[in-house]
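# Understanding the architecture of this molecule
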Amino acid sequence: MSSTINYMSLPTYVPGRLVLDSSSWACSDFRLRIFDYAPLDVDIPPLDDYLVVIYRQGETAMNRRVTGPWRQDRVGRGVVSLLTRAENSHWHWGDRVEVTHFYISPSSMIRTANEVFDQPAERLELRDVLRADDGVLELIARQAAHEVAAGEAGGRLFVDALALQANIHILRNYASITFRRPPAHGPLSRSHAQRIAEFLRDNLGRNVSLAELAAVTGFAPDAFARKFRAYFGVPPHSYVTQMRVEAAAAHLRRGALSIKEIALLTGFADQSHLTRIFRKEMGTTPADYRRDQRSTIALATGRPDA
């Protein structure tokens, strides 16, 4: 792979009229530039940064080749193209266009990926996208350009916030990410515990296998079961039961659903199954628990028990 160039060198290879530039803000992670381009046929060396192109004015047939075959599509106002970093590319278009460029640093994208997915990203690439009709990125580009042009108080912070939104949107829709494999040794971490709890809350109504739970952390099922018990003090199935009982109790306090509905919603086989487990864990039946909660509320508020 040949050496990369930075965004400041790009006009050497793709000459155009610079309309707007955020470089004076000295933000190294996210830069915005707007160019007015005549028809061009250009080879671009690999870039340091990820490049997002949002077309502002004009319409043209765009031909582009990155690592695979040539791609061709029609681009115009609101259309978005994305180019991963560190890859040669060849672009050809036959009509004048005005475009916004976002240059996003790899460190910024990796940092955002680590936070979004709560696990360390090892490699990140943008997919080869010549045309995407993306209203989110188009809106972010317009808002960011307005802030840069206006130069008002707080503009830099506003653009930083827009840059984070753009990063998250790109990661969700256009990125291929390889995560580092977690170590096969060592205990569960607090981060593991948070991901386990979130996964179970999202899947409480169905039977989750040990293998599925283990996959959340990246550990093998046997090792995961040992580490889980060491961290939580109970085996996985007991922890799941506790979560289901707690969720059932919360529904009973709210009082909107029948006990049968609550049983199915929280992963119990039926109402009798919920009643048996609830009595074992809470020392009372679901019906008595609901009645006691209503009485407590009535005493506290002075209203008759519903």
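Description of the structure in this document.

On to the packing of aromatic side chains, then. Counted under the stated rule, the structure contains 10 aromatic pairs. Relative to Y37, the ring of F35 lies with its centre 5.3 Å away and its plane at 10 degrees, an arrangement referred to as stacked. Each member of the pair, F35 as well as Y37, carries the same accessibility label: buried. Aromatic pair F232 and Y239: ring centres 4.5 Å apart, planes at 45 degrees, arrangement tilted.

The next subject is the sheet that holds strand β5 (residues 59-65). In space, the four strands of this open sheet follow the order β3-β8-β5-β6, with antiparallel pairing throughout. Edge positions in the sheet fall to β3 (40-44) and β6 (71-76), since each of these pairs with one other strand and no more. Between one strand axis and the next, the sheet turns through 20 degrees on average, direction left out of account.

On to the nonpolar core, then. In terms of nonpolar packing, the biggest core is built from 34 residues, with V52, F102 and I170 touching the most fellow members. Formed by 24 residues, the second largest nonpolar core is a distinct cluster that contains Y7, L10, F35 and V99.

We now examine empty space enclosed by the protein. Counted by the stated rule, this structure contains two cavities of 30 Å³ or more. Here the largest cavity defines a volume of roughly 130 Å³. For the largest cavity, the lining is made up of 13 residues, of which V14, Y37, W91, W93 and H101 are closest to its centre. Of all the elements in the fold, those that place two or more residues in the lining of the largest cavity are β4 (50-57), β8 (89-93) and β9 (97-104). For the lining of the largest cavity, the residue count by class is 12 nonpolar, one polar and no charged. Looking at the second largest cavity, its volume works out to about 40 Å³. Taken together, S22, W25, C27, F30, L32, R156, V159 and D160 make up the full set of residues lining the second largest cavity.

Turning to the pattern of salt bridges, a few remarks are in order. Taken as a whole, this structure holds 15 salt bridges when the rule is applied. Salt-bridge contacts for D36 lead to R17; the nearest nitrogen and oxygen are separated by 3.6 Å. Highlighted residues: D36 in strand β2 (residues 30-37) and R17 in strand β1 (residues 17-21), separated in sequence by 19 residues. Using a relative accessible area of 14% as the deciding quantity, one classes D36 as buried. Between R206 and E212 there is a salt bridge, and its shortest N-O distance comes to 2.7 Å.

What counts as what
- Residues numbered from 1 in each chain as written.
- Predicted model: local features only at pLDDT ≥ 70, side-chain atom pairs only at ≥ 80, totals over all residues.
- Heavy atoms only, no water.
- Phe/Tyr/Trp six-rings, centres within 6.5 Å; stacked < 30°, edge-to-face > 60°.
- Buried < 20%, exposed > 50% of the residue type's maximum accessible area, 1.4 Å probe, protein only.
- Pairing = 2+ DSSP bridges.
- Helix = DSSP H or I, 4+ residues; strand = E, 2+ residues; numbered from the N terminus.
- Axes fitted to C-alpha atoms, helices over the stretch in contact; angles between N-to-C directions.
- Core = buried A, V, L, I, M, F, W, Y, C linked by side-chain atoms within 4.5 Å.
- 1 Å grid on protein atoms, 1.4 Å probe; cavity = no way out; pocket = protein on both sides within 12 Å on 5 of 7 lines; lining within 4 Å.
- Points joined across faces, edges and corners; volume = space filled by probe spheres on them.
- Nonpolar A, V, L, I, M, F, W, Y, C, P; charged D, E, K, R; others polar.
- Salt bridge = Lys/Arg side-chain N within 4 Å of Asp/Glu carboxyl O.

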